[in-house]
Structure formats: structure tokens, C-alpha cells
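What follows is the residue order along each chain.
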Amino acid sequence: MSPERPLPLSLEDPAPLLQWLSGTGPEPEQLELLMLARTWVSAAISAAVPDEKFQAIYQRARKLIEQIARGENPEAVARILSVSSRTGLNRWRGQLVNSFEKIEPFANDISKALVPAAELEDTRLTLRYVVVELLRNVVQHSHAPAGGFVEADLWNEESGRPMLQLAVADAGIGIPASLRTLHPDLSDPEAALEKALWPHISGTFEEGLTGTQQNAGMGLFFIAEMAKLTSGTLLIATRGATLLLSGWTDDEGGHTLRFIEPRGVGFPGTLVVFELPVGDVADYPALIETIKERAKQRTPQRAIHRWIRFDPAPPESTVFEIQKQAENTPAAIQLAQQEITPRILRREPIVLDFSGLRILTQSYLHSLLFEPLRFAWASRTPIYVRNVEPAVRSNLELLENYALAG
Ligand SMILES: Nc1ncnc2c1ncn2[C@@H]1O[C@H](COP(=O)(O)OP(=O)(O)O)[C@@H](O)[C@H]1O
Ligand SMILES: [Mg+2]
């Protein structure tokens, strides 16, 4: 965004819109035009549409969209371009996503549609990652019945630099409330929001999403680090606080982080905006590796608990002999769901006895322990193992690493 020409309602100055949406400020001027010109403005208002006040502006904007699509309103197009310092409108149609199964296909569609060029694969994968993580958060944590409203666009700035903006908004409970359940110390919304960007900070642990790795408390951490390691921007506005993180590429992950003034300005739900100069990610796998490395360095000591325990179990523990069903994956899933996880949730000690097994495949161990381990971590109940051969031990350690840190 060019500093010589401040944009109305730019990401640098979101307070007027946020205040209006929170009922503490006047309606910004030309809102329906801005809603078309600014992806994040549109997502924010769309998420809030059930409220009558937003319904009216939403309807006005829809009318404009139709006129523009029919070529009936060239003045509106000219105005949109002038307020947004863009040379073209390349808007991805906004959409609501409200179930877990829709997330991955949706993320594929949107990232391919916006970044089709083969040589921009690394940018596309980054976009895809951010879409998936943000929508998972909406579905898992927001309690917003309508789901998450996603908007995105890609445009050329007048400087010629192509930019990508993605916005995901929900009208849910907000990050501070979600985190408070497990982190009662985070009563201040700013403290909660800042903490949500740390590795391994999560407000809940979700049942029923088997075989995936979505609740390591790493989603927002990864997205924030992506912004830091590129010259990206991350805005998170939620109930009671808004923060803006801006990265610069010239310094290894240098960045600025600030809370938007006035204190307490937020969003009636959660709004996350991610902006990335297209092409700033040159090597997506390397980016992910760097962020994983940073996560390790920044993991506070208390989070490096080992939830698979190799030391002796309490005598009253229930023992499961694994040899009886070794490498039988369906049996492992059944054992996990019917025997292991319920005991962990009741915080009863269990022991898995691996005697007689010199080696086990990672996929078998995954079926047996991925879910139980996440519950063990969430409920702070260790899973004891015994008679573990070295090769099995390293498989168990690997499983714990990726289950809880991935
Ligand atoms: N849209 C949202 N609505 C409510 N709470 C959220 C939302 N997004 C994130 N959070 C909170 O922030 C926490 C951290 O999110 P994240 O880093 O993605 O970790 P995870 O999703 O694995 O818990 C979540 O556990 C949740 O408490
Ligand atoms: Mg998440």
C-alpha cells in the first residue's frame, strides 16, 4: 500500500469500520463502494449480515455488483479503482464455508482460481494453507452457526506489484472467549489475542476429526510466521482486540506488531485478513521447515511435556497387550476409540504393553495413538508404554512429535 496515498479503510487503519460494526462509530462514507473495493471490508460486513444494519449495506452492495457485472455502472468501477489504487478488479466471489468436509476442496478451488500460474505454485500453496487453517478455526472454535465468510482477491497495485488479499470472517464467540476456557489467566482480550499467535496455544480440543493434525495450536502461529517471513500483513480483529502484524523480507523475518487503537476496538466475531505480495514465497517447503524450526525454538518448556511415558505406570493402570493385534489397523482404531480414548477422557491411567514387538509401522501406530495422544495432551493424562523395543520407541517419539507439534 503506497504510503503517499492513504486508502480509506486500509488494513493499516481499520478502526473506523470496526467501530461502526461494533456499534460504537458512525457509518463510514461510501461503504458499498468500499465493500466492493476492499476484500476485507466486504468479508467483515458479509459475516455480520444477520444484523439489520449490515443487511441494508449488503443489499446495496449486491445491487452494485449486479450493475457492474452487467456493465451498467462504469462510474462505480472507476471509483472503486481510484479508492483502491488498483489497476483491475479481480475479485473472487465471496462464499460461506460451514463444515469441515468442505474446507479442503474449497481451499483447492480458491487457490487455483486466484493463483493459477504454475510458476507461482509456492504462493498458491501458501494461500491454500492459510485458507485451510482459518476455516478450520471457524468450524472448530467460532460457534458461528453460519460458518466463515471467505473473500479473496488478487490485484496489481499501481506500482505494478501483484498483491493477494484473503479475508475470513465469522460472527462467532471470538478468540479471547474461546481461549479462556483452558487459559483462565488470559482474561484481557489483547493478551489472549497475542497469545493465540504462540505455538501450542489452543483453546479447545475437538473430537471427531480423526486422522488429521489440526489441533496443535499451531495454525495462527504458522500464519503469523508466514507473514513475518514474507512482506505479508496479518490483521486479526476479534471481540475486544485487534492486532496488525507486518512483515518485511529485507530482514530475516523482521516485523512490527501492534494493537489497533482505540483500545478495545474489535470485531463482533473473528476477522482474519492475510495479505501477501504474490511471488514473495519462493520456496513453500523451505518456508514450512523454517517455521517448524522456529516453533521448536519457541516452545515454552512447559509445553514439551511428554505424553507418551516410558517410565513405570501407576499400579492401578489398565494394561493393553498390543502384540495380539499388531499391524491390524482397523483393530487399532477400534481399540483407540472404544478403550483407550474413553479412559483418557476419564483420566484413568493406561499402559500399552509392546512386548514381543520389535518393529511396528508408523501407520499402525498412527491408527492406534494419534487421536488418543491428542486427548492425552488436551486432558493432561499420560499414556504409559512398556516393553518397548528401540525401533518402536523411536516410532512412538516421532508420532508424538508430529501429533502434538505438527
Ligand atoms: N475463528 C475463531 N473463533 C474463535 N476462536 C478462535 C478462532 N480462531 C482461533 N481461535 C482460538 O485461537 C486458538 C489458536 O488457534 P490455532 O493457532 O489455529 O490453534 P488450534 O486451532 O490448533 O487450536 C484456538 O484454539 C481458539 O481458541
Ligand atoms: Mg487452528
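Here, residues in each chain are numbered from 1, in the same order as that chain's written sequence. Going through the entries in the order they are written, you letter the chains from A and number the ligands from 1. In keeping with the predicted nature of the model, local features appear solely for residues at pLDDT of at least 70, side-chain atom pairs appear and are counted solely at 80 or more, and the whole-chain, interface and lining totals rest on all residues. Note that water and hydrogens are dropped before the side-chain values are worked out from all heavy atoms of the structure.

A. View of the overall build of the chain. In DSSP terms, a helix is any run of H or I states spanning at least four residues, a strand is any run of E spanning at least two, and both are numbered starting from the N terminus. Helix and strand counts for the chain stand at 14 helices and eleven strands. Radius of gyration here uses only the C-alpha atoms, and the compact-globule reference equals 2.2 Å multiplied by the residue count raised to the power 0.38. In terms of overall dimensions, the chain is globule-like: its C-alpha atoms have a radius of gyration of 24 Å, near the 22 Å expected for 406 residues. Seen through its principal axes, the chain has C-alpha atoms that stretch 75 × 45 × 40 Å. Relative accessible area decides the class of each residue, using a 1.4 Å probe on protein chains only: under 20% of the type maximum gives buried, over 50% gives exposed, and in between gives partly exposed. Scored against the burial criterion, the 406 residues of the chain give a buried share of 53%.

B. The arrangement of the side chain of E275 in detail. By the secondary structure assignment, E275 is in strand β7 (residues 270-277). Among the polar contacts made by the side chain of E275, one reaches the side chain of Q165 at a distance of 2.5 Å. Counted as a polar contact is a pair of N or O atoms within 3.5 Å, where, for protein atoms, one must be capable of donating a hydrogen and the other of accepting one, and residues adjacent in sequence contribute only when both atoms are in side chains.

C. Structural context of the nonpolar core. Only buried Ala, Val, Leu, Ile, Met, Phe, Trp, Tyr and Cys residues count toward a nonpolar core, and they belong to the same one when joined by side-chain atoms within 4.5 Å. Residues I110, L114, L166, M226 and L234 are the most contacted members of the largest nonpolar core, which totals 56 residues. Pairs of residues are marked as contacts when any of their non-hydrogen atoms sit within 4.5 Å. Setting aside its immediate chain neighbours within four residues, L234 contacts L197, I223, A224, A227, L243, L244, L245, V272, V273 and F274. Core analysis: the next-biggest nonpolar cluster, separate from the first, contains 40 residues, L33, W40, Y58 and A237 among them.

D. A look at helix α13 (residues 362-379). Given a helix with a known number of residues, its expected span is that number minus one, times 1.5 Å. Counted at 1.5 Å a residue, the expected span for α13 with its 18 residues is 26 Å, and the 24 Å between its end C-alpha atoms agrees. For α13, the tally of buried residues reaches 14 of 18 residues, placing the bulk of the element in the interior. At the C-terminal side of α13, R380 shows a positive phi close to 55°.

E. Layout of the environment of H255. Relative to the assigned elements, H255 resides in strand β6 (residues 254-259). It is 45 Å that separates the C-alpha atoms of H255 and P349, two residues lying 94 residues apart in sequence. Those residues within four positions of H255 in sequence are excluded, and the remaining contacts are K228, L245, S246, G247 and W248.

F. Layout of the sheet that holds strand β1 (residues 91-97). Between any two strands, at least two bridges found by DSSP are needed for them to pair. In space, the seven strands of this open sheet follow the order β1-β2-β3-β7-β4-β5-β6, with antiparallel pairing throughout. Only two strands of the sheet have a single partner each, and these edge strands are β1 and β6. With direction set aside, neighbouring strand axes in the sheet form an average angle of 10°. Fitted lines through C-alpha atoms give the axes, limited to the stretch in contact for helices. The angle between two N-to-C directions lies from 0 to 180 degrees. Packing of helix α7 (residues 121-142) onto the sheet brings it into contact with β1, β2 (148-156), β3 (162-170) and β7, and relative to β3 it is tilted by some 10°.

G. Layout of the site of ligand 1. Throughout, the term near means that a residue has one or more heavy atoms lying within 4 Å of the molecule or strand in question. Near ligand 1 you find 20 residues, and of these H141, S178, S202, G203 and G217 are the closest. N137 places a side-chain nitrogen or oxygen 2.9 Å from an oxygen atom of ligand 1. In this structure, H141 approaches ligand 1 through a side-chain N or O atom, which is 2.7 Å from an oxygen atom. Relative to its unbound accessible surface of 530 Å², ligand 1 loses 98% to contact with the protein. When residues of the shell around ligand 1 are traced back to their parent elements, those giving at least two are α7, α8 (175-180) and α10 (219-229). Residue polarity is assigned by list, with Asp, Glu, Lys and Arg as charged and Ala, Val, Leu, Ile, Met, Phe, Trp, Tyr, Cys and Pro as nonpolar; anything else, Gly included, falls into the polar class. Here the shell around ligand 1 is built from residues that sort into seven nonpolar, twelve polar and one charged. Per-residue accessibility takes into account occlusion by the displayed protein chains alone, with areas from the Shrake-Rupley method and a 1.4 Å probe.

H. Inspection of the pairing of strand β9 (residues 318-321) at higher detail. Both β9 and strand β10 (residues 350-353) contribute to a ladder of four bridges, which runs parallel. Opposite V319, over in β10, you have V351 as the bridge partner. Viewed with both strands pointing away, a crossover whose connecting path from the first strand over the helix to the second turns clockwise is right-handed. Read as a crossover between parallel neighbours, the route from β9 over helix α12 (residues 329-345) to β10 is right-handed.

I. A look at the sheet that holds β9. Ordered in space as β8-β11-β10-β9, the four strands form an open sheet in which the pairing is parallel. Of all the strands in the sheet, just β8 (308-309) and β9 have a single pairing partner and so form its edges. Sheet topology note: the β8/strand β11 (residues 383-386) ladder contains two bridges and is parallel. When the sheet's bridge partners are listed, R309 is paired in β11 with Y384.

J. Region of interest: the packing of aromatic side chains. What counts as a ring pair is set by centres within 6.5 Å for rings of Phe, Tyr and Trp (its six-membered ring), and what kind of pair is set by the plane angle: stacked under 30 degrees, edge-to-face over 60, tilted for all other angles. Counted according to the given criterion, the structure contains three aromatic pairs. A ring pair is formed by F221 and F222, whose centres lie 6.1 Å apart and whose planes are at 75°; its orientation type is edge-to-face. A residue is classified by how much of its surface remains accessible, and F221, at 1% relative accessible area, is buried. Since its relative accessible area comes to 2%, F222 is described here as buried. Every member of this aromatic cluster is reached through a ring pair, and the members are Y129, F221 and F222. To sit over a ring, a charge needs its Lys NZ or Arg CZ within 6 Å of the ring centre and within 35 degrees of the ring normal. Here K195 stacks its cationic end above the ring of W198, 4.6 Å away from the centre of that ring. Sitting above the plane of the F310 ring, R393 keeps its charged end 3.8 Å from the centroid.

K. Broad picture of the pattern of salt bridges. A pairing counts as a salt bridge when a side-chain nitrogen of Lys or Arg comes within 4 Å of a carboxyl oxygen of Asp or Glu. A complete count under the given rule lists 19 salt bridges for this structure. As a salt-bridge pair, E32 and R60 come within 2.6 Å of each other at their nearest N and O atoms. Pair noted here: E32 is in helix α2 (residues 31-37) and R60 is in helix α4 (residues 52-69), with a separation of 28 residues, a long-range link. Exposure remark for E32: the relative accessible area of 16% places this residue in the buried category. Taking the shortest distance from any N to any O, the salt bridge between R294 and E225 comes out at 2.6 Å. Taken as a pair, R294 in helix α11 (residues 284-298) and E225 in helix α10 lie far apart in primary sequence, 69 residues in all. Judged by relative accessible area, R294 falls into the buried class, the value being 13%. With a relative accessible area of 1%, E225 lands in the buried category. Put simply, E104, R128, E133 and R136 are held in one network by salt bridges that share partners.

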